[in-house]
Each structure stands twice: as C-alpha cells, then as structure tokens.
Amino acid sequence: MLQLNRDTLIEAYRQMRTIRVFEDRLHLERPRGIIPGGVHLYAGQEAVAVGFCMNLGEGDYVASTHRGHGHSIAKGCDVKAMMKEIYGRQGGLCNAKGGSMHIADISKGMLGANGIVGGGPPLVCGAALTAKTLKTGGVALGFIGDGASSQGTTNESFNLAAVLKLPAVFVLEDNGFGEGTPSSYAVAGNVVTRAEGFGLRTYEADGADFFAVYETAAEAVRTTRAGEGPAFVYVRCDRFYGHFEGDAQTYRGPGELDDVRQNRDPLSLFRARVTEAALLGDDRLGAVDREVATLIDEAVEEATNAPKPPLSDLTKDVYISY
Amino acid sequence: MPRKTIRQVITETLAAEMRRDPTVIVMGEDIVGGTGSKGQLDAWGGPFGTTKGLIAEFGPERVIDTPISEAGFIGAATGAALTGLRPVAELMFSDFFGVCFDQIYNQAAKLRYMFGGRAVTPLTIRTRYGAGTRSASQHSQSPYSVFTHVPGLKVVIPTSAYDMKGLLTQAIRDDDPVVVFEHKKMYDVEDDVPDDSYTIPFGEANITHEGDDVTIVAIGRMVLFANEAAAKLEREGIGCTVVDPRTTSPLDEDTIIECVEDTGRLVVVDEANPRCSVATDIAALVASKAFRALKAPIELVTAPHTPVPYAPDLEDAYIPSPEKIAAAVRRVMEDG
Amino acid sequence: MAINAVTIPQWGMEMSDGTITAWLIDEGAMVAAGDEIAEIETTKIANVLESPFSGRLRRIVEPAGKTVPSGGLIGIVADDADADSDIDAFVAGFAVRAAEAGETNPETSTFLDLGVGRVHVVRHPGDGPAALLIHGFGADTSTWMFNMTALGAQFDVVALDLPGHGQSAKALGPDPVATLVDAVSQTAAELGIARAHLVGHSLGALCAVRLAQANPDLIASLTLLAPAGVGPRIDDAFLQGFVAAERRKELRGVLEMLVSDPDAVTLKMVNDVLRYRRLEGVGEALAALRAALQAMPQDDALAALKDIDCPKQIVWGRDDRVIPPGDGADLDGAPVHLIEGAGHLVHMEKAAEVNRQIVRLAGI
C-alpha cells in the first residue's frame, strides 16, 4: 500500500468528505425549490477528483465537465462561494452568472465545469500549450466522462496533444453511464486502446480506491510534467445520484444502486483501510466529519440568505471593453 | 509612404506584434506548411501566403502547424488565451466554422461572462470569406452575421491594407475574443501604409465617399464596389456617401444614423445571404432609429437565398455588383 | 497669339484632381493676373485660384461642379484679337499637348537620417534662394500644399516633417522643442543649405526664432505665421484636445478650431490627421510637446525676436482662435500683417496673400 503521511491522509479524507457532504446536501436542498438551476452530482466519484488534484500544484490547470463540483472543490475553489453560485446569489464564484455547470476559478487553475460534453479537452490542450510555450513546468489535466469519449473534440484533443507533445493528462471517469445510456453500449471498442492509438501513454485505476488513484495519478502527472508527452488515465468509478438531480435512474438494473453504495463507496473504503491499518482513528475522522458538516451548513445558510445579483449585472462582463 | 498589399500587411502586422509581445503565437493549418516533411519548411506560409516567413524569425514554438482538427486547435487557442498566451489562430475558411463553432460560440465568447468577469480571453481568430474564386458552396460563404449575433465576440471586416493593419493590430492587442474576416479576392489590394504601428478602434466606421443624396452602407469587399458605383453615380449627378462599418460588432450605429439623417436614403450592400444578415440588421437599426429621416424605403443589395454556385456566370450573378448597387441607388432616388 | 490655358493646379503631392465649386468671374469678363477667378475644392481643403494671366476670360471650358485632374484645362484667357477658331483648336489640342509634354510634379519626397533621427523632407526645387518651411503642432509638410508651387517659382523650397510628426521618427528625447530646432538645422546642414528664408507656422515659428537666434548666418529672412511664443500661448484646449483625440469626431472638433470657417475642414483632412494621430509614439510625442510648451514662458521668443537682425514679419489671421492675434500692433520691430477671413491656418486659408508676403519680404 502506498505510504502517505498522516497529514496527507487527513487532507485527502477532508476533501473527499467535503465533496460528499456538499453533494448530499444539494440533493436534499434541491426539492425545496430554492436552487434555481439543475445540478449534476459527483457523489461516489470523490477519490478520482481528490486523488488527481492532490498531485497538482498552483501552476497546474484542470478542466471539468457538467459534473464539476468535485473537481472544483478538489482544485481549491472556495466552497461557500461555490454554494452561492449554485444558489444564484451575490458572492457566487462566478458572480451568479454561470451556475453549477460553469463553476470556475481561473485563479485557482480551475478552467471551469463545462455545459458542453467534450468542451474541456481542447481547453486543456490550450492550457498545456501555454505551459509549454511559457515554460512554466505546469501540466493541464482534463477530466472527461465516458460520455465524452466519442466526441470529436475529445479525440481531436488526443491527437493534437500528441502531435504538439503537450503536457496534458486526460482522465476518463467511466461511471458506467453517459447520461442515461450505459457506456458498455455507447463506447465502441476500448477507450484505453483508443488513446494508445493516438500515441498517448495510458494508465488505469479503480476509482473507488483512493490509494490506487493517487498512486496512478502521481505517476501520470510526474511523467507528463517531465516532458514525456500527453497521458491518458482510465478510471472506473460510480455515481450515486442520477445524471442530473431529478433523474430517477430507472435505467439502472434492480439492486444496482444498492450494490454501488454498499461496495463502491470510496469514502467508506478509505475509512476502512486507514482505520484497519491504524493510520487514522475514528475520532480523528469523526472530527473532520463534524468540521465539514459545519462548513456545509454555513455554506447553505449563507447562500440561502445572500442577496440576489442586481439587474444591472445582466449586461456586465460580456466584454472587457466595447 | 510605402505601398503595401493586404497580404503583406497581415504578415508584417503578425511579425510586429510577435516581436512586441512574446505571448503572441500563431497557429493553424498549413500556416507554415511542410512541418515534419523532408521537403521545404514554410512551403506555403499559409494557403494565401499570409504567414510566410514567420517561422524563420519566431521558430516552431510560436508558429505552429496544426493537424486538421478545427475544434481541437480553436479550442486549444481558447484555452491558451484563458491561461496567459495571446494566440492568433487561423480558421482557414470561415465556411469551416461548423466543425469548431462550439469552441467559439459556447466557449470563447462566453467564458468571461459565465465566469462572472473573472476570465480574460484575448483570442484572435483570422478567417477567410467571400465568393468569386469559383470555389463553390463550401469555400465561398460570408458568415460574419453568425458571429456578429454572438454576445462576447467582436467581428472585424477590413476593406483596405491601411485598415487591415490598424484593425488586426487592435484585434491582437484586444483582450476580448475577436474574429477578423479576410476576403479571398482582396489580398492584392494595395494602399499607402506607414511602417509605424497603429491601431484603429473598433466601432468606428470609415466614410469612403461623400455625397448628399444617398447613404450606402457596405460590408467588406462590397465597399470597393460601392465606391465604384458612387463614382459613376457622381458623374450622373447623384451624390452618395459610402459608409464602411469596418467592424460589425461593435457597430458604429451613430455614423450610420447620422449619414442617413443627412441624406434620407439608404442602400445596404452585403454579399452574404439575405436572411438574418448584417444587411437586415442595419436596415432594422435605421428603420427603428431614423425612420422619420427616410424619404424612401430602404434597399438591400445582397446575394440571393442560395448556396454559392460553381459555374462562373452563376457565381458572378450571385455576387452584388457595382451595377446592381447603382441601380438600387437610382431606385431610391426615384422613390421619394 | 496669346492664348493661355487656365488649369487645375497641383497643390501638394497627394492632390490628383480638384472640383470647381464656383467661377468667380463670368465668361467674357476681363481679368488681371492675380485676380481670383475660381474656387477649387480638393478632397483635403478648398482654395481660391488666382488667374496667372491678364486678358479676357474667353472660354470657361469646365463649368462649376466639375471635377478635373490636376493639370487639366478649365478655362482660356486670351486677347480680343485671338480668333474663336484658334481658341477652339487650342482647346481641342490641349490634352494631346499636355500628354506629350509629360508634365510631372517636380515635388520630391526623401528621408534623411540625421542626429535627431529619420526626417522626411519634401522639396520643390527651384532656381531662387532656399526657403525653409517649418510646420506647427500636430501638422506636417502637407500643410504647405497651397504654398509649395507658388513659392517654388521664386525659391528652392524645402519643407520637413518635424520629429514626432508626419513621416519622421516619433521620438523627441528629453528636450522636445530643442529636438525640433535641431531637426531644422540638421536638415539644412545635410542639404547643404547655408542660407535660407525661414517660414514658420505656430510652433514652427517658435522653432524658427530659436534657430535664427542660434544661427543668425543661416537666416536670410524670417516670416512667422500665427506664431507661438511671441504673445499669447497656444490655446491649451487645442493642444489638450489633439493629445486626447482618439476618434474621428473628437479630432474633427479640434481641427475646426484651426480655421475661420469650420466647413473648410473636410473628411479627408480629418482622416489624414487621424491616421497620423494613431501612429505609435505620436500620442506620447504630442503630450511631451504640450508639457514643454506649458513649462515655457509665454513670450519666450519675443526677446529673441528683437535681437534678430534680418528682414522679419509676422502674418496672422484675424479669426485665429488657437493663438489670438490681438490688435495687430507691430511686435518689437517685426511688422504684423493681419489677414481678414483667416483663422490659425492662415497660410492655407489665404494662401495667395501669404505667398505674396513671403516673396515680398525676401525682396525678390
């Protein structure tokens, strides 16, 4: 098992727990009708976002998908500002102009969730091109879903990254479904050999196993940063909630969701591993749980009470100058 | 004052801006030509020679031949702009926007707004438009109205070598995403162009001919045709003011309105298809803001609602001509 | 036979044609050389055409409203003795003869690499003594478009674009006005001009005085047009407006301050100045000049003028709003000629009169 020190373990747990509670809370709050827009929840996939982002630094960029809360939190976006954004209030991370699907913080290297499936990979090539041209030593990492694997943009980005030898890492989170259709149906052939076909170095990891993800991520990022060209990582994981909030997931087979929650929960698997190996105790983990609960409570409270943006914001920031 | 062609001016401007700012890079299909081959590098320097010589001065890190993946590299240019570069990407023919429009429409144009003003996207896309080269439907269109429609984009259509230098310089230095349209048939058009750098602000129309009777607003290459028509009409005793908006987004509404208020008559000339075009946009603007100044209905001289045909006579009939423009002017003169 | 062709003149290097806006005398009327006979409009600005000949205006060949290329025939001045048939033949043959003569504009444009940097120079070579023309703030050699040909008949005319202006280098260095003065003296030296009749307009007049002060042997005569530095300051609203102007409308407002009749400011004039204003380095140069002028004592050149020992004169437009002329009293030994109906661009608005004054002072 990978040797991680205590602080790293606590940090990993904290981040995953924050994502989980954030998403669970949105699931609860949405039916109340205060949150104006749709959300696509990441619960169940936390180990992937955290495992990768813990291997990135300030000068590195990530791009995400419509299911972007987890990547945003893992890359260091402000949780309370994110909540305000989802609630459409002043103080939102995007000043209430983007909502859940366009959450971003360029200053933290988060190039945004994206409402267009496959919208991220070309932007990732761009950020990698910047890193290469300005010799920053940075890498750009694009999270994509199985749904994006056959988009033209995704495949063009693989080719482009390989041709231009860009420091880009593409992480495909196969959670089994592209919206309501299983990846086993919609993805022909094998996504790993597809990436190999473009000349990318490929890796695989089990998305429910934080340690496996972290170790694979470290290697993929290290080699990419060292100039070995772009990399592709295939991660098998599971989402607990529907494609979007309100999706009854009737496309799942009987007992499938129960099995996922029971056996494929990265948080319980992490907890079990660290307590069994006596790396962290339940007390310590419980303390993190309580801190995270407080944070999310406060975030919801503040977001609920935050003022709506003024109407004059409608026409702001279309251009820098016009 | 040196004489330069539009082609020369484009190369000169790219080089000047790349010298001035190390974050400016140039990318696109065959903008060098020959990358990775055993033959001549810079074989093409762009399909119309507009980027020739740049790689010799700036090297392959800043002058990049891309594979044929518009979505990939236009998106990459967007991402690069977002993160500290100032890319000038070439979309070889504007007709190809179909394969990369999401990157322009949903990404580049909207990032600043969606991210609450916390993103800067200093992207320039150079692209080509216009009929007249017998290249038929998929290589001859003028889709600038589509881009003009999109909030967050700026659209620039220079009509002279002097204007190209000032507007392209401004486009590169501008921190918003800008699409610059180059007419395929105008690369050899010459003008007096200073060696010094200069910018022309967006949203400032140019008046290329003055007259008291009719205002002609023309787009792109049609400005040249409108000037021809105006010179001929002047000899017939009809005075035309020709307005070249230079940029359709932002649009110099004030100059257009003022000129119509002076003359009372408007003819709009646009080689694009007529539905939902820049021509209809300008006509609606004038009809709503200068209605009482109008002495006659507005005339639009445009292409027909067809794709661009191949056979030369058919293509020539598709493109508005100085004769068609003059006929429209005579009609509005008779009409009120 | 004394059949004389009245033609559209060549005013400035860029002029290719002129529009006859009005004939000022009727066909058949007598005319003396120097009489104003037609108003001609160029794309840049309008001017009055004086008859080069005395006689009768026997034929108006082109009517008002017509646009004719430079050198094109517009009228015939002849004696009463000349037969109509001879005049017909002359008119018919004119275009052929003009083409055969192959007349070209004698003006030349060159670039000199001097200590102050690259300087653009326009010359109208002639047999007479050298005349050195120095333009003002924000202008260039094209300001002399109505003076070059007329003066070229009597002088070897040299006009330069001052540093920061026209096609000359834009950097002015730490002492902007000194750089302008140096540019003139270096130009004269480079062209082998040991002695010249100096004509300066506005800020250019200030430079001319400074040059005369430093280099008295160079100066044969001194004509100061709407001069800066001998009386009131250049109106700062003008300077400030010019520095700040970024768009055509703003600039038009500034340029209209320069002339007696605002309608005289044409679109081409505004566009030409706008093109200059937008060149890299121009904004900084003009701002630096404005600051230098503000820091300078108001009548910095007046005392120097008194000590300059050569024929001197000041010519001012009565309607000058940029440097108001006051009552027109003579200034310290330099006679002041006030011209009616002219603003700050007196040498353009009343070119013929100004040209006459320059020639007269030179004693030619």
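Quick note: structure is the one above.
All of the points below concern the structure found in this document. The shown structure was predicted, so the numbers you read here are calculated from the model rather than taken from an experiment.

### Focus: the overall build of chain A
What chain A contains, in helices and strands, is twelve helices and seven strands. In terms of C-alpha radius of gyration, chain A reaches 19 Å, essentially the compact-globule figure of 20 Å for 322 residues. Dimensions along the principal axes, computed over C-alpha positions, put chain A at roughly 60 × 50 × 40 Å. The 322 residues of chain A split such that 57% are buried. Expressed as a percentage of contacts within chain A between residues at least 6 apart in sequence, the contacts between residues at least 24 apart total 73%. One finds the centroid of the 32 positive side-chain charges in chain A at a distance of 4 Å from the centroid of its 41 negative side-chain charges.

### Details of the overall build of chain C
If you tally the helices and strands in chain C, you get eleven helices and 16 strands. Taking 21 Å as the expected radius of gyration for a compact globule of 364 residues, we find that chain C reaches 21 Å, a close match to that expectation. Projecting the C-alpha coordinates of chain C onto the three principal axes gives extents of approximately 65 × 45 × 40 Å. Long-range pairs, those at least 24 residues apart, make up 66% of the contacts in chain C with a sequence separation of at least 6.

### Thoughts on the sheet that holds strand S2 (residues 140-145) of chain A
Residue and element names in this part refer to chain A. Taken together, the five strands give an open sheet; going across it, the order is S1-S2-S3-S7-S6, and neighbouring strands pair in parallel fashion. What marks the edges here is a single partner per strand, and that holds for strand S1 (61-63) and strand S6 (201-206). Sheet twist, expressed as the average angle between the axes of neighbouring strands with direction ignored, equals 20 degrees. Across the face of the sheet, helix H2 (residues 46-53) comes into contact with S1, S2, strand S3 (168-174) and strand S7 (231-236) while running at roughly 170 degrees to S2. Those strands touched by helix H9 (residues 210-225) are S2, S3, S6 and S7, and its axis lies near 165 degrees from that of S6.

### Re a negative patch on the surface
On the surface, a cluster of negative charge is contributed by Glu210, Asp212, Glu261 and Asp262 of chain B together with Glu41 of chain C. Counting through the fold element by element, Glu210 of chain B comes out in the loop between strand S9 (206-209) and strand S10 (214-218).

### Regarding the side chain of Thr78 of chain B
Looking at the element boundaries, Thr78 of chain B is found in helix H3 (residues 70-82). Classification of Thr78 of chain B as buried rests on a relative accessible area of 0%. Each residue touching Thr78 of chain B, except ones within four places of it in the same chain, is listed here: Leu123 of chain A together with Gln103, Ala108, Leu111, Thr121 and Leu123 of chain B.

### A short note on the sheet that holds strand S7 (residues 67-69) of chain C
Residue and element names in this part refer to chain C. One open sheet holds the four strands; their spatial order is S5-S4-S2-S7, and the pairing between them is antiparallel. Looking at the sheet topology across the chains shown, the edges are occupied by strand S5 (46-50) and S7. For this sheet, the mean inter-axis angle between neighbouring strands, taken without regard to orientation, is 40 degrees. Direction of pairing for strand S2 (residues 17-23) relative to strand S4 (residues 36-41): antiparallel, over a ladder of four bridges. Within the sheet, the bridge partner assigned to Ile20 lies in S4 and is Ile40.

### Quick look at helix H8 (residues 222-235) of chain B
Residues and elements named next belong to chain B. Across its 14 residues, H8 extends 20 Å between first and last C-alpha, which sits within 8% of the 20 Å expected from 1.5 Å per residue. If you check which residues of H8 are buried, you get Met222, Val223, Phe225, Ala226, Ala229, Ala230 and Leu233. For H8, the angular spread of buried residues about the axis comes to 155 degrees, placing them on one side. On its buried side, H8 packs onto S9, S10, strand S11 (240-244), strand S13 (266-270) and helix H12 (322-334). Gly237 sits one or two residues past H8 and shows a positive phi near 95 degrees.

### Notes on the packing of helix H3 (residues 176-190) of chain C against helix H8 (residues 282-295) of chain C
All names here are of chain C. Closest axis-to-axis distance for the H3/H8 pair is 8 Å, and the angle between their directions is 105 degrees. What the angle tells us is that H3 and H8 run roughly perpendicular. Together, Pro176, Val177 and Leu180 of H3 and Ala288, Leu289 and Ala292 of H8 make up the contact between the two elements. By residue class, the composition of the contact of H3 with H8 is six nonpolar, no polar and no charged.

### Some details on the packing of helix H1 (residues 6-29) of chain A against helix H4 (residues 79-87) of chain A
The description of two helices packed together rests on the angle between their axes and the distance between the axes. Residue and element names in this part refer to chain A. Axis separation between H1 and H4 bottoms out at 12 Å; the angle between their running directions is 25 degrees. Put simply, H1 runs roughly parallel to H4. Handedness of the crossing formed by H1 with H4: right-handed. Judged by residue contacts, Thr18, Phe22, Leu26 and Glu29 of H1 engage Val79, Met82, Met83, Ile86 and Tyr87 from H4. Looking at the contact of H1 with H4 residue by residue, the classes come out as seven nonpolar, one polar and one charged.

### A word on the interface of chain A and chain B
Taken together, the contacts link 41 residues of chain A with 44 residues of chain B. Between chain A and chain B the total buried area reaches about 3500 Å² when both faces are included, carbon and sulfur atoms providing 62% of it. At the boundary of chain A and chain B, one finds three salt bridges. Across the chain A-chain B interface, the total number found is 21 residue pairs in polar contact (both at pLDDT 80 or more). Taken together, the residues that form the side of chain A that touches chain B break down as 21 nonpolar, 13 polar and seven charged.

### Here we look at the interface of chain C and chain B
Chain C puts 13 residues into the contact, and the matching count from chain B is 24 residues. Here chain C meets chain B over a buried area of about 1500 Å², counting both sides, of which 38% is carbon and sulfur. Sorting the residues of chain C by area buried against chain B places Arg248, Arg275 and Arg278 of chain C first, and these three jointly supply 39% of that buried surface. Measuring nitrogen to oxygen at the nearest pair gives 2.7 Å for the salt bridge that ties Glu204 of chain B to Arg278 of chain C. Counting across the interface, chain C meets chain B through ten residue pairs in polar contact (both at pLDDT 80 or more). Of all the secondary-structure elements, those providing two or more residues to the side of chain C that touches chain B are helix H6 (248-256) and helix H7 (267-277) of chain C. Considering only residue class, the side of chain C that touches chain B consists of three nonpolar, two polar and eight charged.

### Structural notes on unusual backbone geometry
The omega angle of the peptide bond from Ser249 of chain B to Pro250 of chain B is 0 degrees, so this bond is cis rather than trans. In this fold, Pro250 of chain B is placed in the loop between strand S12 (247-249) and helix H9 (253-263). Positive phi is not limited to glycine here, since Ala96 of chain A has a value of about 65 degrees. Mapped onto the elements of the fold, Ala96 of chain A is located in the loop between H4 and helix H5 (120-133). Residue class for Ala96 of chain A comes out partly exposed when judged on its relative accessible area of 24%. Not every positive phi belongs to a glycine, and Asp42 of chain B is a case in point at roughly 65 degrees. Relative to the helices and strands, Asp42 of chain B is located in the loop between strand S2 (24-28) and helix H2 (54-58).

### Here's the deal with the side chain of Ser221 of chain C
The residue Ser221 of chain C is located in strand S14 (residues 219-225) in this model. In this view, Ser221 of chain C contacts Ala196, His197, Leu198, Cys310, Pro311 and Leu361 of chain C; residues no more than four positions away in its chain are not counted.

### Side note on the pairing of strand S11 (residues 130-134) of chain C
All names here are of chain C. S11 sits mainly inside the fold: five of its five residues count as buried. Across five bridges, the pairing between S11 and strand S12 (residues 156-160) is parallel. When the bridges of S12 are listed, Leu133 appears paired with Ala159. Looking at chain direction, S11 and strand S13 (residues 196-201) are connected through five bridges and run parallel. For Ile134, the partnering residue across the bridge sits in S13 and is Gly200.

### Thoughts on the arrangement of the chains
Most contacts, compared over the two pairs of chains touching, are made between chains A and B. For the non-touching pair chain A and chain C, the nearest C-alpha separation works out to 14 Å.

### Some remarks on the pattern of salt bridges
Taken as a whole, this structure holds 67 salt bridges over all chains when the rule is applied. The partner of Asp175 of chain B in a salt bridge is Arg86 of chain B, and the shortest N-O contact between them spans 2.6 Å. Of the two residues, Asp175 of chain B is situated in the loop between helix H7 (161-173) and strand S7 (178-183) and Arg86 of chain B in strand S4 (residues 86-91); the sequence distance between them amounts to 89 residues. With relative accessibility at 15%, the residue Arg86 of chain B sits in the buried group. In this structure, the salt-bridge partner of Arg134 of chain B is Glu315 of chain B, at a minimum N-O distance of 2.9 Å. Pair noted here: Arg134 of chain B is in the loop between strand S5 (124-129) and helix H6 (144-148) and Glu315 of chain B is in helix H11 (residues 312-318), with a separation of 181 residues, a long-range link. Residue Glu315 of chain B is classed as buried on the basis of its relative accessible area, which comes to 0%. Through salt bridges with shared partners, a single network forms among Arg17, Arg271, Asp282 and Asp289 of chain A.

Rules of the game
Residues numbered from 1 in each chain as written. Chains lettered and ligands numbered in written order. Predicted model: local features only at pLDDT ≥ 70, side-chain atom pairs only at ≥ 80, totals over all residues. Heavy atoms only, no water. Helix = DSSP H or I, 4+ residues; strand = E, 2+ residues; numbered from the N terminus. Rg over C-alpha atoms; globule rule 2.2 N^0.38 Å. Buried < 20%, exposed > 50% of the residue type's maximum accessible area, 1.4 Å probe, protein only. Contact = heavy atoms within 4.5 Å. Lys, Arg positive; Asp, Glu negative; His and termini not counted. Charge placed at Lys NZ, Arg CZ, Asp CG, Glu CD. Pairing = 2+ DSSP bridges. Axes fitted to C-alpha atoms, helices over the stretch in contact; angles between N-to-C directions. Patch = residues over 30% accessible without salt bridge, like charges linked within 9 Å, V, L, I, M, F, W, Y side chains within 5 Å. Areas by Shrake-Rupley, 256 points an atom, 1.4 Å probe, with all protein chains shown as cover. Salt bridge = Lys/Arg side-chain N within 4 Å of Asp/Glu carboxyl O. Expected span 1.5 Å × (residues − 1). Arc of directions from axis to C-beta. Parallel < 35°, antiparallel > 145°, perpendicular 65-115°, else oblique. Nonpolar A, V, L, I, M, F, W, Y, C, P; charged D, E, K, R; others polar. Left-handed = near helix turned anticlockwise from the far one by under 90°. Buried area = accessible area lost by both parts, 1.4 Å probe. Polar contact = N/O pair within 3.5 Å; in protein donor to acceptor, adjacent residues only side chain to side chain.

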